[in-house]
There are 2 protein chains.
Amino acid sequence: MAGEGAPERCDLLIEAGWVVPVEPHGVVLADHAVAVRDGGIVALLPRAEARARFAAGEVVSRPDGVLIPGLVNAHTHNPMTLLRGVADDLPLQEWLQGHIWPIEAAVIAPDFVADGIELAIAEMLRGGTTCCNENYFFPDVQAATYKRHGFRARVGLPVIDFPTAWAKGDDEYFDKAGEVHDQWRDDPLVATAFAPHAPYTVSDANFERIRMLADQLDVPVHLHLHETAHEVEEAQRTAGQRPIARMDRLGLVNDRLVAVHMTQLTNGEIALCAQRGATVVHCPESNLKLASGFSPVAELARVGVVLAIGTDGCASNNDLDMFGETRTAALLAKAVARDAAAFDAASALRAATLGGARAVGFEDRIGSIEPGKQADLVVVDMAQLETQPLHHVVSQLVYATGRHQVTDAWIAGRAKLRERRLVDMDEAAIMARARQWRQRIAGIEQTR
Amino acid sequence: MAGEGAPERCDLLIEAGWVVPVEPHGVVLADHAVAVRDGGIVALLPRAEARARFAAGEVVSRPDGVLIPGLVNAHTHNPMTLLRGVADDLPLQEWLQGHIWPIEAAVIAPDFVADGIELAIAEMLRGGTTCCNENYFFPDVQAATYKRHGFRARVGLPVIDFPTAWAKGDDEYFDKAGEVHDQWRDDPLVATAFAPHAPYTVSDANFERIRMLADQLDVPVHLHLHETAHEVEEAQRTAGQRPIARMDRLGLVNDRLVAVHMTQLTNGEIALCAQRGATVVHCPESNLKLASGFSPVAELARVGVVLAIGTDGCASNNDLDMFGETRTAALLAKAVARDAAAFDAASALRAATLGGARAVGFEDRIGSIEPGKQADLVVVDMAQLETQPLHHVVSQLVYATGRHQVTDAWIAGRAKLRERRLVDMDEAAIMARARQWRQRIAGIEQTR
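Values in this document were obtained by computation on a predicted structure and should not be read as measured data.

Visitor: What is the right way to read the overall build of chain A from this model?
Guide: Broken down by element type, chain A carries 15 helices and 16 strands. Scaling as 2.2 N^0.38, a compact globule of 448 residues should have a C-alpha radius of gyration of about 22 Å, and chain A matches this with 22 Å. Considered along the principal axes of its C-alpha atoms, chain A spans approximately 70 × 45 × 45 Å. Within chain A, the fraction of its 448 residues that count as buried is 63%. Within chain A, contacts between residues at least 6 apart in sequence are counted, and of these 72% link residues at least 24 apart. Total accessible area on chain A is roughly 15,000 Å²; 49% of this is exposed by carbon and sulfur atoms.

What follows is the structure, encoded as structure tokens:
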């Protein structure tokens, strides 16, 4: 019985007005607490019991707050945060070839990657995101930057059929991928994935090598797939096959596949994803902004495909706001499915947390508030005008909450945001570097 | 020359890092100031010149801020803010008939209208909205509440073919409409419009009466029109005519018409709107959430229809966030048009300001920062991580800015929000009343 015997020690006890554990699905627990020890969740229990059972090193009490699992941004190119809004409202090819690629060619280097990711980490933490699925060049720098800030990430090991600042040819891409993977294989926060860019930029031979190595290293394969109708049409025209069919022929449509975008899908392709256990990452705002198309999210969910949510990079969004992205996902899915009951608030929140955890291959350690999982946790303040009156907590989180209502965030039990202040990041220095990059990029644009 | 002679008196000088006047279109003025006298804008000029030319009663300096016209929420049911999230993720008919209407039947009365509008005004001001196009029952209470808080509004005079708490029959609707109109006809802040509910709830006879009276009283006609495919199909089935064709037959498709939603439009209907000067209010988030359909915004803009943006009521959105709504409008229009260049950031911001001003019939007094217009102004802070680096101001406002970055708001030169604090509203009291309504509505839901 609670109250008998000596209290159990824990490092941190977080009491909240409501806890939404995500698993079990759709549940809201009023006046509950979470006990954290050694970075992990040891108990989720009524607040009154928690005080009796635990002797906590620290108690954080948020009676107007909702405690949720940290959000997982399941597809992002965080160095591109420095390119936020540099070119908008342009046709896709002009945007890429006339702006994004030339600027990237001039800036991609370790400092760009590190500074962009630092800005992104600060933005993510302030918005309740505690883990991301990164996809860019210089995964060594990415991994070191995430680790330095205690931020949980899966970093992609890029493979693309042309030379970049990161590698000059196939062998160098794979050699460097192996090195980065080896360096981070046992890290508790940062891990790697293969990140072949897209079907139209990676050869069959390289995809086969990736399939073999991904099995061997036990990592996900993070791939842009069926992003636009143009991609699918071109593949059919040049190779006589839709990209998913080609990926299937190469053995890549399986439970390691993290398929991003997926706006063009036949019923057969949807069924194939369900059958093979592939995860789909939905990036609704990027798909809208680039006019890529509409992913059939409700149908994917209906047949049991695990869905995650990503913001994509800041050049096509233009933020890393997972509250906003989740809301857009929930809203858009209904209109696409012509069903106002489709992809409800609890399902959208699940995609943004546990679905994301599945996408990054961390579903055993994050994505829900369950004993045994890591304490990646976020508090959202409901005592603001914009979330009053509070009729239903999960509905409010998805349809009315702004990311600025996030007050606290922990990763593996370590406080990263406290009453809206970043605990261990120098915000002024990050802002100053962002301003320097603005100057430098403006210079590049002027001299082109 | 500036500096010669005695300085001109003004009440308020607002200096900003950037001013986006909206008219001229797409312009960004760095380091400018706006001088305000007797509630109106007297000058927009470089900051250095402003200090020399004016002796200001007050100077507000926001070097990291962007000064924009106050946003206009061109379609809302603000008393329903008290129903935020009360029922979500339901098929339309179940949502309306099983939840919204029964709750409304139990609560609609002057206190519900006044309390809901007070909460809404506070939320709107904190989010940079300074004017709204209201559509609900008890327009007398609405008008008095907006006036009491110095908030600019066009309140709808409801007409609907069945009895409600506001009126029992046709004559009472029209009598009361006339009374409310007479009371507010000369007010500088609050005016009226006719607000027939929808083609499927208002008879030909009542529409004809509205057309005649709207001309006579010189007010807009604010109408839900072509919101869903179901509405259009039913009209064709029962009356053999699409609703817009019927409205045209009744003489209502003209420059007084403020047509809300418009998700189902033929090319002929789009051309008709352009030709007749009707304004279209786009409510993208409500259209998505209720699975109503997609408005062809880019096509409407292309042929010259004036577009405005509205949140709709909080039961189908679930907020009054015009920054979020404008962003959704800009993103969604591109995917619907299959053109990433469609409805660019400057066009979306114009719809949210000058377009809204046109919708409420106040285009001569608000919607842009021009001498002679009223000083309905808003400052947005760009010195936050989420809007850095700042490559392009208008792009940032539309694609990356959150409403919590609004720091200051004025209506007719009167400060309503100052460094994020509501100047003359009792936030704690508003929150307390919202909590009381939550209890009362929960009681209604339990006893049904």
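Visitor: Explain unusual backbone geometry here, please?
Guide: For residues other than glycine, phi is negative in most cases, and the peptide bonds are mostly trans. Residue and element names in this part refer to chain A. The linkage connecting glutamate 23 with the following residue, proline 24, adopts the cis geometry, with an omega of 5 degrees. At phenylalanine 138, a position not held by glycine, the phi torsion is positive, near 55 degrees. Among the structural elements, phenylalanine 138 can be located in the loop between β6 (129–134) and α4 (139–148). Even without a glycine there, the phi angle at histidine 226 is positive, about 50 degrees. Here histidine 226 is to be found in the loop between β9 (221–225) and α7 (229–239).

Visitor: Would you mind showing me how to read the interface of chain A and chain B here?
Guide: Interface size is commonly expressed as the accessible area that is lost once the parts come together. Chain A puts 62 residues into the contact, and the matching count from chain B is 62 residues. Both faces considered, chain A and chain B share a buried interface measuring about 5,200 Å² in area, 59% of it formed by carbon and sulfur atoms. The three residues of chain A that bury the most area against chain B are A:Asp89, A:Leu385 and A:His391, which together make up 15% of that side's buried surface. Summed over the shared surface of chain A and chain B, the number is 8 salt bridges. The salt bridge involving B:Arg126 is made with A:Glu386; its shortest N-O contact spans 2.8 Å. Where chain A touches chain B, the interface holds 28 residue pairs in polar contact (both at pLDDT 80 or more).

Visitor: Hey, could you run me through the pattern of salt bridges in this one?
Guide: All chains considered together, the criterion is met by 76 salt bridges over all chains. Among the ionic pairs, A:Arg327 bridges to B:Glu285, the shortest N-O distance being 2.7 Å. Taken together, the positions of A:Arg327 in helix α12 (residues 322–337) and B:Glu285 in helix α10 (residues 284–289) put the pair across two chains. Residues joined in a network through salt bridges with shared partners are A:Arg84, A:Glu123, A:Asp321 and A:Arg403.

Visitor: Can you help me understand the side chain of A:Gln384 in this one?
Guide: Turning to its location among the elements, A:Gln384 is positioned in the loop between β13 (377–381) and α14 (393–399). There is a polar contact of 3.3 Å between the side chain of A:Gln384 and the side chain of A:Asp381.

Visitor: I'm lost on the relation of the copies chain A and chain B in this one. Help?
Guide: Of the transformation superimposing chain A on chain B, the axial component is 0.0 Å and the angular component is 180 degrees, with the fit at an RMSD of 0.0 Å. This pairing of chains is accounted for by a two-fold axis. Scanning chain A for the C-alpha nearest the rotation axis identifies A:His404, at a separation of 3.5 Å.

Visitor: Can you help me understand the packing of aromatic side chains in this one?
Guide: Any two aromatic rings considered together are summarised by their centre-to-centre distance and by the angle between their planes. As enumerated under the stated definition, the model contains 13 aromatic pairs over all chains in all. When the ring of A:Phe138 is compared with that of A:Trp166, the centres are 5.4 Å apart and the planes differ by 70 degrees; the resulting orientation is edge-to-face. Here A:Trp166 lies in the loop between β7 (152–159) and α5 (170–184) and A:Phe138 lies in the loop between β6 and α4, a separation of 28 residues in the sequence. A:Phe138 gets classed as buried once you look at its relative accessible area, which sits at 9%. Chaining the aromatic ring pairs together yields one cluster made of A:Phe112, A:Tyr136, A:Phe137 and A:Trp437. The lysine or arginine in question, A:Lys176, covers the ring of A:Trp166, its NZ or CZ lying 4.2 Å from the ring centre. Across from the ring centre of A:Tyr399, 4.8 Å away, lies the NZ or CZ of B:Lys289, which sits over that ring.

Visitor: Can you walk me through the sheet that holds strand β16 (residues 421–422) of chain A in this structure?
Guide: Hydrogen bonding along the main chain pairs the strands of a sheet, whether they run parallel or antiparallel. Residues and elements named next belong to chain A. Pairing within the open sheet is mixed, and its 8 strands lie in the order β3-β2-β1-β4-β13-β14-β15-β16. Each edge of the sheet is formed by a strand with only one pairing partner; in this case those strands are β3 (40–46) and β16. Here 3 bridges tie strand β14 (residues 406–411) to strand β15 (residues 414–418), and the two strands are oriented antiparallel to one another. Looking at β15, one finds that isoleucine 411 is bridged to arginine 414. Its contacts with the sheet place helix α3 (residues 110–126) against β14, β15 and β16, and it is angled at close to 115 degrees to β14.

Visitor: Explanation requested: the packing of helix α2 (residues 92–107) of chain A against helix α15 (residues 427–447) of chain A in the structure shown.
Guide: Residue and element names in this part refer to chain A. At a closest axis distance of 10 Å, the pairing of α2 and α15 adopts a crossing angle of 115 degrees. Relative to α15, α2 is oriented so that their crossing is right-handed. Between α2 and α15, the residues in contact are His99, Ile103, Ala106 and Val107 and Trp437, Arg440, Ile441, Ile444 and Glu445, respectively. Considering only residue class, the contact of α2 with α15 consists of 6 nonpolar, 1 polar and 2 charged.

Visitor: For this particular structure, what's the right way to read helix α12 (residues 322–337) of chain B?
Guide: The α-helix winds at 3.6 residues per turn, so residues separated by three or four positions along the chain end up facing the same way. Residues and elements named next belong to chain B. Relative to the 22 Å expected for 16 residues at 1.5 Å per residue, α12 spans 22 Å between its end C-alpha atoms, a close match to the ideal helical length. Most of α12 is tucked away: 14 of the 16 residues are buried. Sitting at the head of α12, aspartate 321 places a side-chain oxygen 3.0 Å from the backbone nitrogen of phenylalanine 323. Once α12 ends, the next one or two residues include arginine 338, with phi positive near 55 degrees.

Visitor: I would appreciate a short explanation of the nonpolar core in the present structure.
Guide: General note: in soluble globular proteins, nonpolar side chains tend to be found buried as a group. Ranked by size, the top nonpolar core spans 243 residues in total, and within it A:Tyr146, A:Phe194, A:Leu397, B:Tyr146, B:Phe194 and B:Leu397 carry the most contacts. Once you skip the residues sitting within four places of it in the chain, A:Phe194 turns out to touch A:Leu157, A:Val159, A:Phe174, A:Ala177, A:Ile210, A:Leu213, A:Ala214, A:Leu217, A:Val219, A:Pro220, A:Val221 and A:His222.

Visitor: In this structure, what is going on with the domain arrangement of chain A? I would like to understand it.
Guide: All names here are of chain A. Taken domain by domain, chain A comprises domain 1 (8–69 + 369–412) and domain 2 (71–359). If you average the C-alpha positions of domain 1 and of domain 2, the two centres end up 29 Å apart. Listed as interface residues are 25 residues of domain 1 and, on the opposing side, 30 residues of domain 2. Here domain 1 and domain 2 share an interface that buries about 2,200 Å² over both sides, 65% of which is from carbon and sulfur atoms. Three residues, Tyr399, Arg403 and Ile411, lead the burial of domain 1 against domain 2; their summed loss comes to 35% of the area buried on that side. At the boundary of domain 1 and domain 2, one finds 4 salt bridges. In this structure, arginine 403 and aspartate 321 form a salt bridge, with 3.6 Å as the shortest nitrogen-oxygen distance. The interface formed by domain 1 and domain 2 holds 9 residue pairs in polar contact (both at pLDDT 80 or more) in total.

Visitor: Quick question: what am I supposed to make of the state of the cysteines here?
Guide: Cysteine pairs can be linked by a disulfide, which is a covalent bond between their two sulfur atoms. Residue and element names in this part refer to chain B. Counted according to the given criterion, the structure contains 0 disulfides over all chains. Take cysteine 273: it sits in no disulfide, and the sulfur closest to it among the cysteines is that of cysteine 283, at 15 Å. Overall, the relative accessible area of 2% leaves cysteine 273 in the buried class.

Reading guide: rules and limits
- Residues numbered from 1 in each chain as written.
- Chains lettered and ligands numbered in written order.
- Predicted model: local features only at pLDDT ≥ 70, side-chain atom pairs only at ≥ 80, totals over all residues.
- Heavy atoms only, no water.
- Helix = DSSP H or I, 4+ residues; strand = E, 2+ residues; numbered from the N terminus.
- Rg over C-alpha atoms; globule rule 2.2 N^0.38 Å.
- Buried < 20%, exposed > 50% of the residue type's maximum accessible area, 1.4 Å probe, protein only.
- Contact = heavy atoms within 4.5 Å.
- Areas by Shrake-Rupley, 256 points an atom, 1.4 Å probe, with all protein chains shown as cover.
- Buried area = accessible area lost by both parts, 1.4 Å probe.
- Salt bridge = Lys/Arg side-chain N within 4 Å of Asp/Glu carboxyl O.
- Polar contact = N/O pair within 3.5 Å; in protein donor to acceptor, adjacent residues only side chain to side chain.
- Least-squares fit on C-alpha atoms with pLDDT ≥ 70 in both.
- Phe/Tyr/Trp six-rings, centres within 6.5 Å; stacked < 30°, edge-to-face > 60°.
- Lys NZ or Arg CZ within 6 Å of the ring centre and 35° of its normal.
- Pairing = 2+ DSSP bridges.
- Axes fitted to C-alpha atoms, helices over the stretch in contact; angles between N-to-C directions.
- Left-handed = near helix turned anticlockwise from the far one by under 90°.
- Nonpolar A, V, L, I, M, F, W, Y, C, P; charged D, E, K, R; others polar.
- Expected span 1.5 Å × (residues − 1).
- Core = buried A, V, L, I, M, F, W, Y, C linked by side-chain atoms within 4.5 Å.
- Domains from an automatic or database assignment.
- Disulfide = S-S within 2.5 Å.

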